[in-house]
Amino acid sequence: MSRLVYSRKPGKFAIARLAGAVKPGAGAHVGPLALQSDEPLALPTPEWVRLRPRLAGICGSDLALVDGTASAYFDPLVSYPFTPGHEVVADVVDADGSPGRRVVVVPVLSCVTRGISPECPACAAGQINLCERVAYGHLAAGLQTGFCADTGGGWSHEMVAHPSQLVDVPDDFSDEAAVLIEPTACAVHAAKRFTGAQTVIIGAGTLGLLTLAAITATPRRKKNSGPIIVTARYPEQRRLAKELAADVVCTTDEMPRLVRSRTGSLVVGDQLTSGAPTVIDCVGSSDSISQALRVVAPGGCVHMVGMPGNVSVELTSLWHRETSISGCYAYTHADFATAIEVIRRHDLGRLVSATYPLADYTEAIAIAAAAGRRGAVKIAFDMRGKH
Amino acid sequence: MARPGFVLEVDKSTPPLLFWRGEGFSLEKLPAGRSRVIYPPEPLEAIKDVDGAILEALLNPIDSEPLPALLFPGMKLTIAFDDVSLPLPKMERPDNRQRVIEAVLDLAAAAGVDDVHLIAALGLHRRMHEYELRHALGDRIYDAFHGRGQLYQHDAEDLDNLEVVGTTDQGEVLEINKRAAESDLLVYVNINSVAMDGGWKSVCTGLASYRSLSHHHNPTTLENTKSLMGHRDHSALHQSVWRLGKVLRDSGPRIFQIETTLNTDMFPSPFDFINKREWEWTAKDRAIYLGTTKSLKRTPIKMARKIFHGMQGPHRMTSVQAGETSAVHEVTLQHVYRQQLVEVQGQTDILTMGIPFVCPYNPDGVMNPVLVMCMGLGYLFNMYRNKPLVREGGVIIMTHPTYKDFNPVHHPSYIDFYEQVLADTTNPAEMSRKWEQQFAEDEWYRHLYRTGNAYHGVHPFYAWYWGAHGLQHAGKVIIVGGEPAVVRRLGFTPASTMDDAFEIASDVVGRHPTISHMHVPALLVADVK
Amino acid sequence: MARTKLKLPKPARTPDKLSTVAQLRKVARIGDAIGSATQALLKPTRSLGFPYRKPTAPKGVEVPAEPSKLGADFDTDFARKAPAKALRKIVTQGPVRALVRALADPEVVGLDRLADLERMDDPPAVIFAPNHHSHLDTGVMIVAVPEPWKSKLVVAAAADYFFDSRVKGTIAALALNAFPIDREVTGRKSSDELRRLLDTGWSLVIYPEGGRSPDGWGQDFKGGAAYLSNRTGAPIVPVFIDGTGSIFGKGMNKPKAGKSKVVFGAPLWPSDDENTRRYNARIEAAVTALGDEALTDFWTSRRRAAAGTNPKLTGPEYNGWRRQWALAEHRRLGKAGQRRRQKRRWPDLG
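Residues numbered from 1 in each chain as written. Chains lettered and ligands numbered in written order. Predicted model: local features only at pLDDT ≥ 70, side-chain atom pairs only at ≥ 80, totals over all residues. Heavy atoms only, no water.

Caption draft 1: Seen up close, the overall build of chain A. Assigned secondary structure in chain A consists of 13 helices and 17 strands. Here the C-alpha radius of gyration of chain A, 21 Å, is about what a compact globule of 387 residues would show, namely 21 Å. Seen through its principal axes, chain A has C-alpha atoms that stretch 65 × 45 × 40 Å. A burial count over chain A gives 57% of its 387 residues as buried. For chain A, contacts bridging at least 24 residues in sequence account for 72% of all contacts bridging at least 6. (Helix = DSSP H or I, 4+ residues; strand = E, 2+ residues; numbered from the N terminus. Rg over C-alpha atoms; globule rule 2.2 N^0.38 Å. Buried < 20%, exposed > 50% of the residue type's maximum accessible area, 1.4 Å probe, protein only. Contact = heavy atoms within 4.5 Å.)

Caption draft 2: Structural detail: the overall build of chain B. The secondary structure content of chain B amounts to 20 helices and 20 strands. For chain B, the C-alpha radius of gyration of 22 Å lies close to 24 Å, the compact-globule estimate for 529 residues. C-alpha extents for chain B along the principal axes are approximately 70 × 55 × 45 Å. When each of the 529 residues of chain B is scored for burial, the buried share is 66%. Contacts in chain B between residues far apart in sequence, at least 24 positions, make up 80% of those at least 6 positions apart. As displayed, chain B offers around 18000 Å² of accessible surface, 51% of which is attributable to carbon and sulfur atoms. (Areas by Shrake-Rupley, 256 points an atom, 1.4 Å probe, with all protein chains shown as cover.)

Caption draft 3: Expanded view of the interface of chain B and chain C. Contacts between the two partners involve 22 residues from chain B and, on the opposite side, 14 residues from chain C. Taken over both partners, the interface formed by chain B and chain C buries close to 1600 Å², and the fraction arising from carbon and sulfur atoms is 51%. Together, B:Ala109, B:Arg140 and B:Arg148 form the three largest contributors to the area buried by chain B at its contact with chain C, with a combined 34%. Summed over the shared surface of chain B and chain C, the number is six salt bridges. For the pair chain B and chain C, the interface holds eight residue pairs in polar contact (both at pLDDT 80 or more). Residue assignment for the side of chain B that touches chain C shows that the elements contributing at least two residues are helix 1 (50-59), helix 3 (96-110) and helix 4 (130-146) of chain B. At eight residues, the largest contribution of residues to the side of chain B that touches chain C is made by helix 3 of chain B. (Buried area = accessible area lost by both parts, 1.4 Å probe. Salt bridge = Lys/Arg side-chain N within 4 Å of Asp/Glu carboxyl O. Polar contact = N/O pair within 3.5 Å; in protein donor to acceptor, adjacent residues only side chain to side chain.)

Caption draft 4: Spotlight on helix 10 (residues 283-298) of chain B. All names here are of chain B. With 16 residues, helix 10 should cover 22 Å at 1.5 Å per step; its first-to-last C-alpha distance of 23 Å lies within 8% of that length. Within helix 10 the residues assigned to the buried category are Asp-285, Ile-288, Tyr-289, Thr-292, Thr-293 and Leu-296. Down the axis of helix 10, the sector holding all buried residues measures 120°, keeping them to one side. Residues of helix 10 that are exposed and angled more than 90 degrees away from the buried face: Ala-283, Lys-284, Lys-294, Lys-297 and Arg-298. Where the residues of helix 10 are buried, they touch strand 2 (17-22), strand 3 (25-28) and helix 11 (301-309). (Expected span 1.5 Å × (residues − 1). Arc of directions from axis to C-beta.)

Caption draft 5: Quick look at the confidence of the model for chain B. Per-residue confidence for chain B gives a mean pLDDT of 93; residues scoring 70 or more make up 100%. The ipTM assigned to the predicted complex is 0.86, against a pTM of 0.86. (pLDDT = per-residue confidence, 0-100.)

Caption draft 6: Up close: the pairing of strand 14 (residues 296-304) of chain A. Residues and elements named next belong to chain A. With seven of nine residues buried, strand 14 lies mostly within the body of the structure. Bridge count for strand 13 (residues 276-281) against strand 14 is five bridges, and the pairing is parallel. Looking at the pairing, Val-279 lines up with Val-302 of strand 14. The β-α-β motif built from strand 13, the intervening helix 10 (residues 286-295) and the parallel element strand 14 has right-handed crossover chirality. As paired elements, strand 14 and strand 15 (residues 324-327) share four bridges and run parallel to each other. Within strand 15, the position partnered with Cys-301 by the bridge is Ser-324. (Pairing = 2+ DSSP bridges. Right-handed = clockwise from strand over helix to strand, strands pointing away.)

Caption draft 7: Summary view of the environment of C:Phe163. All names here are of chain C. Take Phe-163: it is sitting in the loop between helix 5 (159-162) and helix 6 (166-176). Residue Phe-163 is classed as buried on the basis of its relative accessible area of 0%. On a C-alpha basis, the gap between Phe-163 and Ala-178 in space is 9.3 Å, while along the polypeptide they are 15 residues apart. Phe-163 has contacts with Leu-70, Gly-71, Phe-74, Thr-76, Ala-157, Ala-158, Gly-169, Ala-172, Ala-178, Phe-179 and Pro-180, leaving out every residue within four places of it along the chain.

Listed below in structure tokens is the structure:
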């Protein structure tokens, strides 16, 4: 049973960071990620089931791990060695070993999956993304499946999951459409921040496009007055953003001018005096956050959907203009149901640009790291062939 | 003795011809047997005693009393003058405007006039920098009047300082600078580079408000302006302006118009080969051409711009006339045509032109893509009388690097125009409907126009409308050597070489099209029979 | 050992520029040293006597006077030959320019008024007619006059002052291209010579006041320049020089560095129906108007010129302290008022 395993090897981690800095995705060659053949994982409790992944997506946070740029913040929240992959569509293996239901995994390892009772207040309220117990209980630490030593992950031929984590895939969904349910749920969660006023989405990678799709699929969109402006770096991204009903698609350097012009704002230094009430940052770099703060309206909010990490940002304008930055992480079970609707409506399965067998993982990761430039969106591993 | 312009039929032994390419040149071979080149007349003899000629014009004006008779103590005198958009390139000091205004001031001083204001009639153009005012007016006038607050620039958005003069029978409102409107005498000092300028257009655009300008600066008018440089009857723009002029004459201030013309001696040495006919290039000219083009290719664009925009043309005054506006303008036109008119027989399938580094809207700035369109289809295409050089549905080929580069100080609204409006539409009528108002009323552009050195927010639309007739007339527009993405954004077709351009054009005009080449920049107006 | 920071003097912006008065003094001291060295060399000849020295004349014999080669008769033709021209170019471009810049820092305006003349196919020789306050004026003019006249410029200099000795006259002729004229009587010879110069393309600087101002105010213009212009047809360019009077005016022992301004006026042409006296008045009025322009502005000056109320360069009619008082007021308006503040010097009390 082969799977990709990420181990805690500080030396290799450092080398991966160097390699990743030279060429994104190069960390896969030299870093702590390796393909292994292992015995099947033990079930944490009899309640758990075995899954055979069909497709598993490569996410931005996975790439950060591979290239050694992930924040040290995560170190206590994961347990080594783990198999990455939290965007998973899989078959549930019945007791007799034959494939049964086709499901997607809700990867958050909340109180229920950890056997913690009573649940923490967040889980009790259904907000599993805010679970306070992600490093406790009978499972090893791990905020999600794909970061936990006990659960395995999607980048493998077999993993385990708690029944509460399973969401059935509608029969009319292809595997490609299904593998996008998890990231789309993320986007649906982010799209709740959409107020109907003018909104800027920075970045048109998977997350940016899906957030856009989630927003344009919401009923609130219909009565909205403010346009949705999306910044996209590459032509293919621009085309898709247009298709997904963005009102204006522009490049990163055009965006501040465009927001200024659309809001009739004046300019002081390089800060707009007015601006967009909502900015959704799907990149999460110092540059993108700084730019977001330059164009957000006084009293407005910058929502961080992309994972920021350790950034350096001038916050005086945040203080002066009473703007805010807020985080936006993961999803609840309800978001998965909405995500299925969004995917159906926009036919998002087409965003899966290419799939690779596990054996070709270095190539897959290299492509994923350069997806935008190569005109790709989502890259996934395909485990449907031989084991 | 200056030789007149002429039309050269290109044959096998015709050397390659000089084309401007922005901040550089190229030599292009045109197919023999079916191409012709229109060479402008050589620079005319300049007036020897300029100051004498000016005084003579002021003392013996056309259809008007002499200037001294119009001046009296205690009067309000306003002198308005053309802005930095002409002449191109800027002329060696002293500028015509300085000479004329000094002469007017001398007469005003003799008449005991104290209340004199000088206003740069810039319409919706950018305000001039101090060094530009000093260049146009000379240090003496600048130092004497600017400190007193009596030298300033027209502001088409300063609602407190605009006044409605009247309305034409077609409902066009004439609203001009209040000081000018309230003056006992308004003296307008002009430089007439092209036949389109001058006459009533001087006051009715230079000192007008945005509201007043929009009556004639719009797509409908400019699509119906079939002859900017020729007969006024075929120019909806000029008809509208002349209607406004009538209102001005009937209910506005008394106007004393002074118009001057220049010869086309535009380039200082060593760049004077630009004005020569290629087969007359001396060894020195060829060496300079090779040296400059080779080194310009290696020069950073910013430095090349600095060199070109720093050039001062040795052009000199060929005529000066003063008096009643329309009568003066008729005489001026004769002088302009004398310098620029070339008789040409019939139209051709293709018109080629080299686009230089400058047009009237980017002195000391960047020739951005919108201005490339404006220069090619708005200015050069329109340099004809009777009918265009290219047949309707023919192809226009320009050479210019067409980079995506803007001067953010001068052209802030051009950047947004390029990024937003042109991404949406290149159709003048459609952009006027969907976008013009937003740009015209943008608070930020208004601020930059009024306090900085920016063109008015609506100006890129006007630049684009200027080419409306050309856009409508041409079946295809090709830019040779431009950045493909930018050229496509303009709605044109990119080509890497002139031969490619002819190949692309063959879709529209067939395999053996006839070709006209305008040998600019020395200005010429083709009188197409 | 304590480390001391090595302080380097700031390099001057241009190497040939003598930027401070202290440097000038140094130059003077070197000059003195060279002078005394030559004196020492020549000393032995004194004891040798005739024929090494001039013979003494016996009593009762009348030695016929040699015709004077000094004053107005000083022959300066050599100064307009090629070698002298080359030498002068070096001297005026180097030391003279540096000295004038260091002392007077002239701001030159109004050159655009000469553009028409300059652009003629064959620019004519002209007569520059500036007001005159200081010996520096000549240096300032040499620096300020534009080409094509700069390289063919002759300065009319007072014969009794500049050409009273051979050495002085030769230096003046070489360095400044000075030409001797009588300030009192425009002798036939001088005027013929000057006409010849104009006809052969040499431009002139003639101070119509005839000499430096004795009290800081100007003097009435004499008719020499107008006469020459009338006779030769050469145009007169009126020039106003402001500020040199307080830098190195008549009666000052040493110069006091300051600023100056040179205003060129529009060329004046002689006209047939105008006698020399009226032409001269026109020239004086032009320079007076330029003086007004230099201290106020163009428009004020033109209006007053039209009304004939430009403040006279010759100052107020009254005499005595009030005249001096008015001069101070007058100077405050011009470049003298913009003088850099001198460094305050405290007495050294040991």
